[in-house]
Amino acid sequence: FSGSLPSELGRLSLMTEHFVFSLNHFTGSLPTELGKITAMTGHFDIYSNKFSGSLPSELGRLSLMTEHFVFSLNHFTGSLPTELGKITAMTGHFDIYSNKFSGSLPS
């Protein structure tokens, strides 16, 4: 698949796991509306695409995430949003490697 992710995916607000759009050719920035999928607990994977821009701070609303938050192998830039620190239940696989992030890690 290619193109950008539609903002309408944010309407999947009751989805609890397996939001997987990995290994495609998606481009552009992530829609801020993805932060509305607040019931998500695991497998939010968008690795190995061509996404760019900064990660939306709204992703910090996914505070129930416990595993597989994977944004690796894209072209994200900028600093990591401090709001990601609200994802306190995470026990495994928070992967952001192979991007173009800058700045320091949020404390």
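These lines cover the structure that appears in this document, whether it is placed above or below. Here the structure is a predicted model, which is why all the values come from computation and not from measurement.

About the thresholds
Residues numbered from 1 in each chain as written. Predicted model: local features only at pLDDT ≥ 70, side-chain atom pairs only at ≥ 80, totals over all residues. Heavy atoms only, no water. Pairing = 2+ DSSP bridges. Helix = DSSP H or I, 4+ residues; strand = E, 2+ residues; numbered from the N terminus. Axes fitted to C-alpha atoms, helices over the stretch in contact; angles between N-to-C directions. Phe/Tyr/Trp six-rings, centres within 6.5 Å; stacked < 30°, edge-to-face > 60°. Buried < 20%, exposed > 50% of the residue type's maximum accessible area, 1.4 Å probe, protein only. Contact = heavy atoms within 4.5 Å. Core = buried A, V, L, I, M, F, W, Y, C linked by side-chain atoms within 4.5 Å.

Let us now look at the sheet that holds strand E6 (residues 67-70). Strand order in the open sheet formed by four strands is E2-E4-E6-E8, with parallel pairing between adjacent strands. In the strand order of this sheet, the two ends are held by strand E2 (17-20) and strand E8 (92-95), each with one partner. Averaged over all adjacent pairs, the angle separating strand axes in this sheet is 10°, with direction ignored. Pairing geometry for E2 and strand E4 (residues 42-45), over three bridges, is parallel. Bridging from a neighbouring strand, Phe19 pairs with Phe44 of E4.

Bringing the sheet that holds strand E1 (residues 2-3) into the picture now. Judged by pairing direction, the sheet is parallel, and its five strands sit side by side in the order E1-E3-E5-E7-E9 without closing on themselves. Edge strands, defined here as strands with exactly one partner in the open sheet, are E1 and strand E9 (100-101). The sheet contact formed by strand E3 (residues 25-28) and strand E5 (residues 50-53) spans two bridges and is parallel. Bridging across to E5, Thr27 finds its partner in Lys50.

Moving on to the packing of aromatic side chains. Under the defined criterion, the tally for this structure stands at 12 aromatic pairs. With centroids separated by 6.1 Å and ring planes inclined at 10°, the aromatic side chains of Phe26 and Phe51 adopt a geometry described as stacked. Taken together, the residues Phe26 in strand E3 and Phe51 in strand E5 connect sequence positions 25 residues apart. Residue classification places Phe51 among the buried residues on the basis of a relative accessible area of 0%. Grouping aromatic residues by their ring pairs yields a cluster made of Phe1, Phe19, Phe21, Phe26, Phe44, Phe51, Phe69, Phe71, Phe76, Phe94 and Phe101.

In this structure, His18 is a non-glycine residue whose phi angle is positive, near 65°. Note on placement: His18 falls in strand E2. What makes His18 partly exposed here is its relative accessible area of 48%. For His68, which is not a glycine, the phi torsion comes out positive at approximately 55°.

Moving on, we get to the pairing of E6. The sheet contact formed by E4 and E6 spans three bridges and is parallel. If you follow Phe44 over to E6, its bridge partner there is Phe69. The pairing of E6 with E8 spans three bridges and is parallel. Of the residues in E8, the one forming a bridge with Phe69 is Phe94.

This part is about the side chain of Ser72. Tracing the backbone through its elements, the reader meets Ser72 in the loop between E6 and strand E7 (75-78). In this structure Ser72 touches Tyr47, Ser48, Asp95, Ile96, Tyr97 and Asn99, once residues within four positions along its chain are discounted.

All right, on to the nonpolar core then. Leu30, Leu34, Phe44, Leu59, Phe69 and Phe71 are the most contacted members of the largest nonpolar core, which has 23 residues in total. When neighbours within four sequence positions are excluded, Leu34 is seen to be in contact with Leu5, Leu9, Gly10, Phe19, Phe44, Leu59 and Leu62.

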